[in-house]
Amino acid sequence: MRTQSCRLPAVPRTQGDFHAVLPTPFGTRILIGDVLGPGESGQQTAAAALGHFRRLAPIEPNLPGLAERMHSVLAPMLEDDEFATALLLTLREDTAEMVCCGNPPPLLIREGRVLPLDALPSHPPLTLLDLGGQWCEATSVPLRHGDRLLLHTHGLLEARDERGHAYPHAERAAALCADDPAATLESIQADLLDHAADAFSLATTLLLAHLERPAPQPGTEQTAAHWTVQPND
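Just so we're clear, the structure is a prediction, and the values are computed from it rather than from any experiment.

Trainee: Mind showing me how you'd approach the overall build of the protein here?
Mentor: Each helix and strand in the protein was counted, giving five helices and 12 strands. Looking at the 233 residues of the protein, the share that counts as buried comes to 52%.

Trainee: Got a minute to help me understand the state of the cysteines in this structure?
Mentor: Each disulfide consists of a covalent bond between the sulfur atoms of two cysteine residues. Going through the model one piece at a time under the given rule, you end up with zero disulfides. Counting only cysteine sulfurs, C101 is the nearest neighbor of C136, a cysteine outside any disulfide, at a range of 4.8 Å. For C136, a relative accessible area of 7% translates into the label buried.

Trainee: Looking at this structure, I do not really get the environment of T45. What am I missing?
Mentor: Along the chain, the position of T45 falls in helix α1 (residues 42–56). Each C-alpha atom of the pair T45 and A84 lies 8.2 Å from the other, and the pair is 39 residues apart in sequence. Among residues more than four places away in sequence, those in contact with T45 are V35, L74, L78 and E82. A polar side-chain atom of T45 sits 3.4 Å from a polar atom in the side chain of E82.

Trainee: It is not clear to me how the pairing of strand β2 (residues 16–24) should be interpreted in this structure. Could you clarify?
Mentor: Regular strands have side chains that alternate between both faces of the sheet. Counting buried positions along β2 gives seven out of nine residues, so the element sits mostly inside the fold. Sheet topology note: the β2/strand β3 (residues 27–36) ladder contains nine bridges and is antiparallel. The partner of T24 across the bridge, within β3, is G27. Hairpin connection between β2 and β3: a loop of two residues separates the two successive antiparallel strands.

Trainee: Honestly, the nonpolar core in this entry has me stumped. Any pointers?
Mentor: Nonpolar side chains in soluble globular proteins tend to be buried together. Counting residues in hydrophobic clusters, the biggest one holds 25 residues, and the most contacted among them are L31, F53, L66, A67, M70, L88 and L126. The biggest single contributor to this core is α1, with six residues. Sequence-distant contacts of L31, defined by excluding residues within four places in its chain, comprise F18, H19, A20, A49, L50, F53, M70, A86, L87 and L88. Membership of the second largest hydrophobic core comes to 19 residues, among which are I30, I32, L89 and L115.

Trainee: Mind showing me how you'd approach the pairing of strand β11 (residues 204–210) here?
Mentor: Of all seven residues that make up β11, seven are buried, and the element is covered over most of its length. The side-chain alternation of β11 yields two buried faces, one formed by T204, L206, L208 and H210 and the other by T205, L207 and A209.

Trainee: Just checking my understanding: could you explain the pattern of salt bridges for this structure?
Mentor: Summed over all chains, the structure comprises six salt bridges. Here R110 makes a salt bridge to D147, at a shortest N to O gap of 2.8 Å. With R110 in strand β6 (residues 107–110) and D147 in the loop between β9 (139–142) and β10 (148–152), this residue pair connects regions lying 37 residues apart in the sequence. D147 gets classed as buried once you look at its relative accessible area, which sits at 2%. Between D161 and R163 there is a salt bridge, and its shortest N-O distance comes to 3.8 Å.

Trainee: I keep staring at helix α5 (residues 181–195) and nothing clicks. Help me out?
Mentor: With 15 residues, α5 extends 21 Å from end C-alpha to end C-alpha; this agrees with the ideal 21 Å at 1.5 Å per step. Within α5, burial applies to P181, T184, L185, I188, D191, L192 and H195. Along the long axis of α5, the arc covered by the buried residues comes to 130°, so they all point the same way. In α5, the exposed positions that point more than 90 degrees away from the buried face belong to E186 and D194. Of the surrounding secondary structure, the elements contacted by the buried residues of α5 are β1 (2–8), β10, α3 (155–158), α4 (169–175) and β11. Phi turns positive one or two residues past the end of α5, at A197, with a value near 55°.

Rules behind the numbers
Residues numbered from 1 in each chain as written. Predicted model: local features only at pLDDT ≥ 70, side-chain atom pairs only at ≥ 80, totals over all residues. Heavy atoms only, no water. Helix = DSSP H or I, 4+ residues; strand = E, 2+ residues; numbered from the N terminus. Buried < 20%, exposed > 50% of the residue type's maximum accessible area, 1.4 Å probe, protein only. Disulfide = S-S within 2.5 Å. Contact = heavy atoms within 4.5 Å. Polar contact = N/O pair within 3.5 Å; in protein donor to acceptor, adjacent residues only side chain to side chain. Pairing = 2+ DSSP bridges. Core = buried A, V, L, I, M, F, W, Y, C linked by side-chain atoms within 4.5 Å. Salt bridge = Lys/Arg side-chain N within 4 Å of Asp/Glu carboxyl O. Expected span 1.5 Å × (residues − 1). Arc of directions from axis to C-beta.

Listed below in structure tokens is the structure:
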């Protein structure tokens, strides 16, 4: 799985969007999310979210457990009316296991079409997981060779053109896919900037993952999926 990421800054507001890709004994783990609210500590909270993710992801085997442990350390740190959303994934050879805590769900792009992830439940934001006694469950999504997962933060949903129309991200992401994840993300970023006239109310992070399964070598029955990380932000 090759991954490529980019970040589009917000004008004039700056909030704490964050993402990380980390190899662990349980698979490659990805975190992407936002710190939202009126507080001015968004960047500090985002940094804390990344720090705790990097510390906990290699030692917590259970993805819902990882979300709950991050909740327990982040929730007491927040300013009034501030909260953090997050999407957590564990990527293995042919499966993406994910927990969606208030963050927009990813897009699964397969053979030029976007497939909805209808079975993916949306849980409360990461720092509000104990609201009403609700805790999260993981959802597993089978992956095929050539599949792409486009992860993004809330800024993509808020991007509007001069007439107030939202960016049709599912349709455009499928149309702009190329063989190279970096080229795909560059095209999506340029298209998004053109749609929003270079102005975003929220900082926006995009991360594209592309599953590649090399052809088996002579004398072998199968090969492992290929995962690499190449951030460009």
